[in-house]
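Summary of the model geometry
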Amino acid sequence: MPDRALDGVRVIEFADETAAYCGRLLADLGAEVIKVEPPGGGRLRRARPFVRGHEGDPNASLAFWVHNTSKKSVVLDLETDEGRSLARKLALTADIVLEDCPVGYLAERGLGFDTLHAEKPSLVYTSVTGFGQDGPHAHWAYSDIVGQAMGGIMTLAGEPADPPNLIYGRQADISASIQAAQGTLMALLYAEATGEGQRVDVSAQEALSMAQETAMQTWDFQKRNRTRTGELGMLPIPLPATGVAKCKDGYVSLYILAPAGKDLPALVDWMREKGMQGPLDDEPYRTIVNQLNMAWLTQLMSNPAAAGEILQHLPVITKTILEFFATMSAREAYEEGQRRQLLIGIVSTPKDIAENAQLRARDWFVRIESPIGGTVEFPGPPYRLSETPAVISRPPRLGEHTDEILASLR
């Protein structure tokens, strides 16, 4: 029995920013992922931040590390006959070719799907681009910010008064990579069963569609564009115990009106124990607190006259609750609130995550060798397989495996 789910699977990767995370997901599951890099390395090798004191070192980019664990690195110059010839030989040893080059780039160098598939029919060939392999935009320029804009999530992000917001991180690239990994594994399963490989064509614009949730359906059925709602959400009024609350040393996120936890009276019980319930035991606040949840509010909003009578009292309730959370640390608010089954989460900084008791108890963090020496602690895999767990090993140094891999081709 193999130790890992993808032991024995070989992937040749011609990928940089858009599909590198797909390769990492396969590599951490045990596939031998050989990353073909240009002389000097790709853009991620030069992306900030770097390990302190190693600025500019292509082996010390943290952006490269996080997308390229567990891989091997081979440097080949695809602009030379020798480089293209070696890349072709290498690709034909693979079960999977993964690439995120501009449409047609690899085909022009004898490394396209049609050419390689004709020589190896079982090959799975995954292409990850901004807009897919065909259509009027297939050759248009792409980067993550273009993907977020064209994928429809930028217009939904941020406060209504602000311009559309870019979501932190390369969310278009990450979404495309995750979808590419799923498609690749399905195609590999089919190839192993039938001997027939195929192309997996992933468009970042299409991969982001689920992140819009019901925005497209709102247009389809109501011909109405969903717009940014910011912190307020779908109800365009500030609600008590809903949203971000400032604590003494940070923030917590509250969603106590939602149905998944205890209701607002449980929070007021906690406040009362601390002598901070303020006017909430008095009318009209007592009656409102005892009824206030999302279902009641939704029903209330259908009656504008009744809603107006209630909504005028919500700011006092909100102010009293925010004053309560301002007296404690974020961790105290989170841990005691969760003990009481209230929907509260710390707005976690990286330091908070590094110190998170749940993640520590589950041994989520792993210690791996650093490409520049020593060891580093690294976030663990996004899933756990009980029999064939993912194992994260260090990202490769630029060209570290070139001699070893190319020697095997001769």
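Before reading further, recall that the structure is shown in the block above.
Below or above, wherever it landed, is the structure these notes cover. (Residues numbered from 1 in each chain as written. Predicted model: local features only at pLDDT ≥ 70, side-chain atom pairs only at ≥ 80, totals over all residues. Heavy atoms only, no water.)

What about unusual backbone geometry?
Note the cis peptide between R48 and P49, where omega equals 0°. As for its placement among the helices and strands, P49 is situated in the loop between β2 (32-37) and α2 (62-67). Cis geometry is found at the peptide bond from E283 to P284, where omega equals 10°. Locating P284 in the fold gives a position in the loop between α9 (264-273) and α10 (285-291). In the Ramachandran plot, A241 falls in the positive-phi region, its phi being about 60° despite a non-glycine side chain. (Helix = DSSP H or I, 4+ residues; strand = E, 2+ residues; numbered from the N terminus.)

What to know about the packing of aromatic side chains
Applying the stated criterion across every chain, the model contains 6 aromatic pairs. Measuring from centroid to centroid gives 6.0 Å for W270 and F325, while their planes differ by 90°, and the two rings are edge-to-face. Of this pair, W270 sits in helix α9 while F325 sits in helix α13 (residues 314-325), placing them 55 residues apart in sequence. Looking at F325, the relative accessible area reads 0%, which means it is buried. These aromatic residues form a ring-pair network of at least three members: W270, F324 and F325. Between the NZ or CZ atom of R45 and the centre of the ring of F64, over which it lies, the distance is 3.7 Å. (Phe/Tyr/Trp six-rings, centres within 6.5 Å; stacked < 30°, edge-to-face > 60°. Buried < 20%, exposed > 50% of the residue type's maximum accessible area, 1.4 Å probe, protein only. Lys NZ or Arg CZ within 6 Å of the ring centre and 35° of its normal.)

Some thoughts on the nonpolar core
Core analysis: the biggest nonpolar cluster contains 38 residues, and V252, L264, L267, I321 and F325 have the highest contact counts within it. Listing elements by their share of this core, those giving two or more residues are β8 (251-255), α9, α10, α11 (294-300), α12 (304-311), α13, α14 (330-339) and β9 (344-346). Here this core gets 6 residues from one element, more than from any other, and that element is α9. Setting aside its immediate chain neighbours within four residues, F325 contacts A245, K246, C247, V252, L254, L267, W270, A333 and I344. (Core = buried A, V, L, I, M, F, W, Y, C linked by side-chain atoms within 4.5 Å. Contact = heavy atoms within 4.5 Å.)

A short note on the layout of surface pockets
Taken as a whole, the largest pocket spans an internal volume of roughly 1,100 Å³. Along the walls of the largest pocket sit 28 residues, with R24, L62, V66, Y168 and P379 positioned nearest its centre. Going through the elements one at a time, α1 (20-28), α2, α6 (171-194), α15 (350-354) and β11 (375-378) are the ones with two or more residues in the lining of the largest pocket. No other element matches the 5 residues that α2 contributes to the lining of the largest pocket. The class makeup of the residues in the lining of the largest pocket is 18 nonpolar, 6 polar and 4 charged. (1 Å grid on protein atoms, 1.4 Å probe; cavity = no way out; pocket = protein on both sides within 12 Å on 5 of 7 lines; lining within 4 Å. Points joined across faces, edges and corners; volume = space filled by probe spheres on them. Nonpolar A, V, L, I, M, F, W, Y, C, P; charged D, E, K, R; others polar.)

Overview of the pairing of strand β4 (residues 96-99)
Of the two faces of β4, the one lined by I96 and L98 and the one lined by V97 and E99 are each fully buried. Alignment of β4 against strand β5 (residues 124-129), held across 4 bridges, turns out to be parallel. Bridged to V97 within β5 is Y125. With respect to chirality, the unit in which β4 leads through helix α4 (residues 113-119) into the neighbouring parallel β5 is right-handed. (Pairing = 2+ DSSP bridges. Right-handed = clockwise from strand over helix to strand, strands pointing away.)

Quick notes on the sheet that holds β8
With antiparallel pairing, 3 strands are arranged side by side in an open sheet as β7-β8-β9. Strands at the two margins of the open sheet, each flanked by one partner only, are β7 (242-246) and β9. Taken pair by pair, the neighbouring strands of this sheet meet at an average axis angle of 25°, ignoring direction. As paired strands, β7 and β8 are joined by 5 bridges and run antiparallel to one another. Considered in β8, the bridge of A245 is made with V252. Together, β7, β8 and β9 form the strand contacts of α13, whose direction differs from that of β7 by roughly 45°. Sheet strands in contact with α14 are β8 and β9, and its direction is about 150° off that of β9. (Axes fitted to C-alpha atoms, helices over the stretch in contact; angles between N-to-C directions.)

Section: the side chain of T129
Secondary-structure assignment places T129 in strand β5. Accessibility expressed as a relative area gives 7% for T129, which makes it buried. A distance of 3.0 Å separates a polar side-chain atom of T129 from the backbone nitrogen of G132. Not counting chain neighbours up to four residues away, the residues in contact with T129 comprise C101, V103, V202, S203 and A204. (Polar contact = N/O pair within 3.5 Å; in protein donor to acceptor, adjacent residues only side chain to side chain.)

Fair warning: the whole summary comes from geometry, so function is off the table for now.
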